[in-house]
Amino acid sequence: MAATSLPALASSSFSSSSSSAVSTLDKQLLTAAHQGNLWEITTGQQAQSAATTACVKRVGADFIRDHKALDAGVVKTAAELGVALPSGQTSAQLRQTTALKSLAGTSAYDAAWLKAQYPAHVQTLALIDKEIASGTNPLVKSLAKSARPVVSRHTQMVNHGVCHA
């Protein structure tokens, strides 16, 4: 962990034998994935009681299951690499969750939930693809590669704000 405060060139010589140095992009992926997973789990749980359609409830349940599994991998990888993860969601995610909650039990909730999920997953896919192409740590790249089909499927489930369970 102490090596993370050293310049990038110096820190590469301190990497463990099981992995190479952790780049800024690798850390960004781990952090964003963790916070995204926390948000997906929270909003998926919220959808279980706040959504009015069976489709949104079903997609929310899938998101809970899948993002819990994805986050377990993120947390494990971050711990192995000595990368500290934030304890919660971003302030923007918290605001969005609160805004969604205010619509609970209305058809507007379902539409807003789907419209929030789609760009979140598109942004996540872009970060995953960037990590796969340019990340330096093999553990983080592997994590991104295994998450990609799940996030891609989720993107299709909420494609352009339309529910596809």
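Note: the structure precedes this text.
So, a few notes on the structure that sits alongside this text.

Procedures and definitions
Residues numbered from 1 in each chain as written. Predicted model: local features only at pLDDT ≥ 70, side-chain atom pairs only at ≥ 80, totals over all residues. Heavy atoms only, no water. Helix = DSSP H or I, 4+ residues; strand = E, 2+ residues; numbered from the N terminus. Buried < 20%, exposed > 50% of the residue type's maximum accessible area, 1.4 Å probe, protein only. Disulfide = S-S within 2.5 Å. Core = buried A, V, L, I, M, F, W, Y, C linked by side-chain atoms within 4.5 Å. Contact = heavy atoms within 4.5 Å. Arc of directions from axis to C-beta.

With respect to the helices, strands and loops of the structure, N37 is situated in helix α2 (residues 24–50). You can call N37 buried: its relative accessible area is 4%.

Moving on to the state of the cysteines. Simply put, the disulfide is a covalent bond whose two ends are the sulfur atoms of two cysteines. Tallied over the entire structure, the rule returns one disulfide. Each disulfide pairs two cysteine sulfurs, and for C55 the partner residue is C163, the sulfurs being separated by 2.1 Å. Taking the sign of the S-S torsion, about -95 degrees here, the bridge from C55 to C163 comes out left-handed. Here C55 is found in helix α3 (residues 54–81), whereas its partner C163 is found in the segment after α6 (138–157), with 108 residues between them in sequence. Each member of the pair C55 and C163 is classed as buried.

Our next topic: the nonpolar core. The biggest cluster of nonpolar side chains holds 18 residues, and the ones touching the most others in it are L30 and I128. Looking at this core, the elements that each hand over two or more residues are α2, α3, α5 (107–134) and α6. Here this core gets six residues from one element, more than from any other, and that element is α6. Setting aside residues no more than four positions away along its own chain, I128 makes contact with L29, A144, A147, R148 and V151.

This next bit is on helix α4 (residues 91–101). Inspection of α4 places Q93, T97 and L100 among the buried residues, and these make up the whole buried set. Summarising the axial view, the buried residues of α4 lie within an arc of 65 degrees, below the 170-degree limit, and thus occupy one face. Turned more than 90 degrees away from the buried face of α4 sit R95 and T98, all of them exposed. On its buried side, α4 packs onto α2 and α5.

Purely geometric stuff here, so don't read any function into it on its own.
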